[in-house]
Amino acid sequence: MGILDTKVALVTGGARGIGREIALKLASEGAHVAFTDIRLEGAADEVMNLIRAKGVRTTAIQSDVRSLSEAQNTIDTVVKEYQHIDILVNNAGITRDNLIMRMSEDEWDSVIAINLKGTFNFCKAASRQMLGQRQGKIVNIASIVGVMGNAGQVNYSASKAGVIGITKTLAKEFASRNIQVNAVAPGFIDTEMTQKLTPQQREALMNAIPMKRIATPEEIANVVLFLASPAASYITGQVINVDGGLVM
Ligand SMILES: NC(=O)c1ccc[n+]([C@@H]2O[C@H](COP(=O)([O-])OP(=O)(O)OC[C@H]3O[C@@H](n4cnc5c(N)ncnc54)[C@H](O)[C@@H]3O)[C@@H](O)[C@H]2O)c1
C-alpha cells in the first residue's frame with residue numbers, strides 16, 4: 001500500500017537523471033507511471049523494468065516536449081490507457097551555457113523551447129483532462145537559478161523564472177477546480193547535467209552551499225512525491241527550493 005495507490009502519473013524526460021528518480025519514487029508509492037523522453041533507448045527499458053518491479057504499470061512514450069501536438073498525443077495516449085491522469089511532472093530540461101556576449105540565438109531558442117515552452121505545452125495538453133476530472137497535481141521542475149540568476153545561464157535562468165511564472169499563474173487559474181500547481185527548484189544535483197561542470201566551478205559551488213555538498217536525484221524526487229501526494233492538499237502556487245541552503 002502506498003500513498004499514491006491507483007493514481008496515474010506522467011513524468012517528462014523520465015529516462016534518466018532526476019526524471020528517472022521521480023518516476024521510480026512515484027511508482028514506489030503505488031502510482032502507475034508513464035514517462036516520456038525525446039529518445040527511448042536502453043535506459044528507458046531499464047526504467048520500465050524497475051517501475052514494473054514495484055507492482056505498478058508503466059508506459060514509455062517517445063515525445064519531444066517542444067511540440068504541443070506531441071504533448072497532446074502523449075496525454076491522449078496516457079488517458080486512453082489509464083482513463084485518467086492525476087499527476088503531471090514537467091521535468092524535461094536542458095542547459096546550453098554561455099555568457100550573453102557569446103550566446104548564439106540557437107542556444108537561447110533551444111533552452112526556451114524545451115524548458116519553458118515544453119512546460120507550457122504539457123500543462124496546456126493536460127489541462128482539459130484535469131479540469132474535466134476536477135482534480136490533479138502538476139509539479140514543475142524549475143531551478144534556483146530561476147530565482148537568483150547565474151552568470152553564463154541567461155537562457156536557462158530566464159526559462160526557469162518563466163516556469164515559476166507558469167506555476168503561479170496556473171495555480172490561480174486551476175485552484176477552484178481542485179488542481180494544484182507547484183514547483184520544485186533544485187540547487188545542484190548529481191546528474192549528467194552537472195557532470196559538465198569544471199573542477200573549479202564545482203569547488204566554487206561547494207563553497208557557496210551551506211550544506212557543502214551536491215544533492216542526489218532522490219532528494220528532489222522526495223519533494224516531488226510530497227507535492228504530488230495528499231499530504232500537500234492545501235499547498236498551491238509554491239516554489240520549494242531544494243538546495244542545501246543556497247538560497248535563503
Ligand atoms: N542537475 C541539476 O543540478 C539541476 C538543477 C536544477 C534544475 N534541474 C532541472 O531538473 C530537470 C532534470 O534535469 P537532469 O539533471 O535530470 O538532466 P538530464 O540531462 O540528466 O535529464 C534530462 C532528461 O530530459 C530529456 N529531454 C531533453 N530534451 C527533451 C525534449 N525535447 N523532450 C523530451 N525529453 C527531453 C533528456 O533526454 C533526459 O532524459 C531539468 O528540468 C533541469 O533543468 C537540474
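Note that this is a predicted model, so its numbers are computed, not measured. Counting of residues starts from 1 at the beginning of each chain's written sequence and follows it residue by residue. Owing to the predicted nature of the model, reporting of local features is limited to residues with pLDDT of at least 70; listing and counting of side-chain atom pairs is limited to 80 or more, with chain, interface and lining totals taken over all residues. Side-chain descriptors were evaluated using all non-hydrogen atoms of the structure, hydrogens and water having been removed beforehand.

Caption draft 1: Main features of the site of the ligand. Of all residues adjacent to the ligand, which total 27 residues, the nearest are Arg16, Asp37, Asn91, Tyr156 and Thr191. To measure how exposed things are, a 1.4 Å probe is used in the Shrake-Rupley method; for residues, cover is taken only from the protein chains shown. In the complex, the protein chains occlude 95% of the 830 Å² of accessible area that the ligand would expose alone. Comment: elements are numbered from the N terminus, with helices defined as DSSP H or I runs of at least four residues and strands as E runs of at least two. Within the residue set of the shell around the ligand, elements represented by two or more residues are α1 (17–28) and α6 (154–174). Here the residues of the shell around the ligand sort into 13 nonpolar, nine polar and five charged. Any residue with at least one heavy atom within 4 Å of a molecule or strand is counted as near it. Gly is placed with the polar residues, together with every amino acid not listed as nonpolar (Ala, Val, Leu, Ile, Met, Phe, Trp, Tyr, Cys and Pro) or charged (Asp, Glu, Lys and Arg).

Caption draft 2: Molecular detail of the sheet that holds strand β4 (residues 87–90). Between any two strands, pairing holds if DSSP finds at least two bridges. Taken in spatial order, the seven strands make up an open sheet running β3-β2-β1-β4-β5-β6-β7, and their pairing is parallel. The sheet is open, and its two edges are formed by β3 (58–62) and β7 (239–242), each paired on a single side. The average angle at which neighbouring strand axes cross in this sheet is 15 degrees, direction not considered. Judged from the four bridges that link them, strand β6 (residues 179–186) and β7 form a sheet pairing that is parallel. Each bridged residue has a counterpart across the sheet, and for Ala183 the counterpart in β7 is Val239. Between N-to-C directions, angles span 0 to 180 degrees; the directions come from axes that are lines fitted to C-alpha atoms, helices contributing only their stretch in contact.

Caption draft 3: Representation of the nonpolar core in the model. Among buried residues, those of type Ala, Val, Leu, Ile, Met, Phe, Trp, Tyr and Cys that are joined through side-chain atoms within 4.5 Å constitute a nonpolar core. Each residue's exposure class comes from its accessible area (1.4 Å probe, protein chains only) as a fraction of the maximum for that residue type: buried when under 20%, exposed when over 50%, partly exposed otherwise. In this structure, Ile22, Leu26, Val33, Ile51, Val89 and Val184 are the most contacted members of the largest nonpolar core, which totals 33 residues. When residues of this core are assigned to their parent elements, the largest contribution, seven residues, is made by helix α8 (residues 217–228). Judged by nonpolar contacts, the second largest core, of 30 residues, contains Ala92, Val111, Met130 and Ala171.

Caption draft 4: Main features of helix α3 (residues 68–82). Look at α3: 21 Å from first C-alpha to last across 15 residues, which is about the 21 Å you get at 1.5 Å a residue. Of the residues making up α3, those classed as buried are Ala71, Thr74, Ile75, Val78, Val79 and Tyr82. Around the axis of α3, the buried residues are gathered within 130 degrees of arc, so they sit on the same side. Positive phi appears at Gln83, one or two residues downstream of α3, with a value of about 75 degrees. By definition here, a helix of n residues has an expected span of 1.5 Å times n minus one. The directions from the helix axis to the C-beta atoms form the arc being described.

Caption draft 5: Inspection of helix α4 (residues 105–133) at higher detail. Between the first and last C-alpha of α4 there are 40 Å, a value that for 29 residues agrees with the 42 Å anticipated at 1.5 Å per step. In this analysis the local bend is the angle between axes fitted, respectively, to the seven residues ending at and the seven residues starting at the residue. Its axis deflected by about 40 degrees at Ser127, α4 carries its strongest bend there.

Caption draft 6: Quick peek at the packing of α1 against helix α2 (residues 42–52). In the contact formed by α1 and α2, the axes pass within 9 Å of each other and the chain directions differ by 20 degrees. If you check the angle between α1 and α2, you find them roughly parallel. Of the two elements, α1 crosses α2, and the hand of that crossing is right-handed. In this structure, α1 contributes Arg20, Ala23, Leu24 and Ala27 to the contact, and α2 contributes Glu46, Val47, Leu50 and Ile51. In these notes the angle categories are as follows: under 35 degrees is roughly parallel, over 145 is roughly antiparallel, 65 to 115 is roughly perpendicular, and the rest is oblique. Here is the rule for handedness: rotate from the far helix to the near one, and if that takes an anticlockwise turn smaller than a right angle the crossing is left-handed, while a clockwise turn gives right-handed. In this analysis, two residues are considered to be in contact whenever any of their non-hydrogen atoms come within 4.5 Å of each other.

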